[in-house]
Each structure stands twice: as structure tokens, then as C-alpha cells.
Amino acid sequence: MQSYRTTGETNPTLTLVETPDPVAGANELLVDVKAASLNYRDLIVAQNNKGVLPLSDGAGVVSAIGKGTQGFEIGDRVVIGFMPGWVEGEFSAAKQATSLGGASVDGVLTQRIAVAANAVVRIPETMSFEEASTLPCAGVTAWSALFERRPIQPGETVLLLGTGGVSIFALQLAKLAGARVIITSSSDEKLARARTLGADHVVNYRTSPDWVAEVLDLTGGLGVDLAIDVGGPKTLNDTLKATRHGGRISLMGVLTGFAGPIDTAVILNKRITLQGIYVGSVAALRALCATGITPQVDEVFPFEKAEAAYESLRAAQHFGKLVIRVG
């Protein structure tokens, strides 16, 4: 079968290679991958690792069933969990180590993969493989950011930064939960698209550099109840200012790096709860599939043009998700 590997000593690139067909072991399924989606994490992995079979997010068809596996049939349409070892329960280092498409575990940019049966979820018949492939990382991250620990409540206000995969999933899910949504972008065109998905207020941070003041104005000077920060250290201080006293921030952003000065005094003085998010469990993926939302796929690339999908992700002009069609 054909798979992609990262090759090269510096700034690894993708190379299409022949790899052995996997076999479904005990309590495993063999899944013929039909689509795989990209996340910003994949750029970081590609830049820093060679020999990796990349991408964490994939959907496909069950083509073989291992010994002792129950509850599935050949032909079932499924999506694979980001961390096959995190089925449910609390997060742990051991569960994190099972993340697909990183330095130590092969990912889904391949024609076929063997995976634990309890790590996959059936996808609705109304959902395409391309749409389903966007759920495991970005979709589950948005779900966790909104509903873990202290779920968003009807009537509360959510702030979303940008129009990438996590933010657009969060927009759709927040509206399903009855929340009010403020979303930012540097593109009026993208903001218009966000409006069509239910955004209540939009802020162009390029034409309105003091976007925090605009968010505060929209909330009567109080700030938002929950902010989802996908930027990281260069956006977090502004996000703190835009969040109300006693409010919450779900932080998963690395778009601006991993380190930087953070105004901890604001966290203390406003008694803000800052929660780190690292995707979520297979149980969260199952709950997400049951919501009935339609994932926003911006562009689909053929398998042989996988590098072009990476280039598009680097350009950061997409709205929602970028997908590679594998089957």
C-alpha cells in the first residue's frame, strides 16, 4: 500500500512510499482510509521530525475485523480517535502518548491502518468521509473547550479568535448550545461566512486593531463569559482583558508559539479560570458525532497532492478545514 513519510534532515518534506499492509490484531479493526484532514500540529510535526507517517485525523471504511472484536461489521463507516488510548476518563501521559501522527505513532496519511476497535466511532450516513475526517482533533478540541468541566450555558457569550478549524467548530457548537458568539478575523469575507453560521457579532482585528475595546463594548464593558484562545502567548494577554471577572478561557493555541510573557496579575485580579485543552477522548468524539453539525471543509486535495495541502495550511487563508482525499 502507499503511505506518506516525512523525509530530509532539515525542514522535512513529504514522500510517497510503499509500506506493508497492516493486519487487524485481536480487538482491532482494519480501516481503509478515505479522507484525512490537517491541523496546525501537522506543520510542527513535519518541521521537526523525519520518518514520520503524519496526520492524526482520518475516516474510512472497516475492511477487516480482528479476533475477539465485537460491535462492528465490514463496510462500517468510521472516524478514528486522535488518541486511540484515550477512550474515556481522565487525561494522562500514557493516553497522550497514543496520539496519532506524531514522532512515535504512525498517523493516517496512508491507504490503510489497523486501530483498536474502541478507538473508532461510526459516522452518520449524512456525513461524508471528508467531513468526518475533520472531527478528531479540531472538532473534539472545540467540544472540550466548550463543554468540559463547566459547560457553556444558554445566553452566555463566547469569544472566538480567527476562523480556522477549532474556531469554526466552536462557533457551530456554541450556537447549538444557545450561546452568543463574537468572532474575530482579519478578513471581512471570512467574517461574512461566519455570520452565515450564526455568529452574532464579528470583529475585524486588522481594521479595528483595538479589538478588545470592541468586544468590551459589545458586552457592556463586562467581557465575555468564555474565550477560546487558539493563538497562544501573543494573543492571551488581550484575551484576558476581553474576559469578564470570574470568566473562563480555554487555551489550546500554539499559532504564536509556546512561550511568552503572560499578565498573571489579570488572571488573579479577575479570578479567571484558565484551562489548557489538548484535544479530547474517543467518548467526546462520539458525542460530537451525535450533534448533527456539518463540518466546514474549505478545500479537498487528492492523495498525490498532499504537499499542496500542507502549503495551503501554511498560507493560513482557509476557512474551516483542509482535507486530503485518500481512497
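In what follows, the structure referred to is the one given above.
All values reported here derive from a predicted model rather than from experimental measurement.

The rules we used
Residues numbered from 1 in each chain as written. Predicted model: local features only at pLDDT ≥ 70, side-chain atom pairs only at ≥ 80, totals over all residues. Heavy atoms only, no water. Helix = DSSP H or I, 4+ residues; strand = E, 2+ residues; numbered from the N terminus. Rg over C-alpha atoms; globule rule 2.2 N^0.38 Å. Buried < 20%, exposed > 50% of the residue type's maximum accessible area, 1.4 Å probe, protein only. Contact = heavy atoms within 4.5 Å. Areas by Shrake-Rupley, 256 points an atom, 1.4 Å probe, with all protein chains shown as cover. Lys, Arg positive; Asp, Glu negative; His and termini not counted. Charge placed at Lys NZ, Arg CZ, Asp CG, Glu CD. Phe/Tyr/Trp six-rings, centres within 6.5 Å; stacked < 30°, edge-to-face > 60°. Lys NZ or Arg CZ within 6 Å of the ring centre and 35° of its normal.

Some remarks on the overall build of the chain
So, point 1. Each helix and strand counted, the chain has 11 helices and 15 strands in total.
So, point 2. A globule of 327 residues ought to have a C-alpha radius of gyration of about 20 Å, and the chain, at 20 Å, matches this closely.
So, point 3. Reported as C-alpha extents along the three principal axes, the dimensions of the chain are approximately 60 × 40 × 35 Å.
So, point 4. Taking all 327 residues of the chain together, the buried fraction comes to 52%.
So, point 5. In the chain, 67% of the contacts between residues at least 6 apart in sequence involve partners at least 24 apart.
So, point 6. Split by element, the accessible area of the chain, about 13,800 Å² in all, is 52% carbon and sulfur.
So, point 7. When the 28 positive and 32 negative side-chain charges of the chain are each reduced to one mean point, those points stand 4 Å apart.

Some remarks on the packing of aromatic side chains
For any pair of aromatic rings, geometry is given as the distance between the ring centres together with the angle between the planes.
So, point 1. Tallied over the entire structure, the rule returns 5 aromatic pairs.
So, point 2. Arranged with centres 6.0 Å apart and planes meeting at 25°, the rings of Phe91 and Tyr278 form a pair that is stacked. Residue Phe91 is located in the loop between β5 (77-80) and α2 (93-96), and its partner Tyr278 is located in the loop between β13 (273-276) and α10 (282-289); the two are separated by 187 residues in the primary sequence.
So, point 3. Directly above the aromatic system of Phe129 lies the positively charged group of Arg77, at a separation of 4.7 Å from the ring centroid.
So, point 4. Directly above the ring of Phe72 sits Arg122, whose terminal nitrogen or CZ lies 4.6 Å from the centroid.

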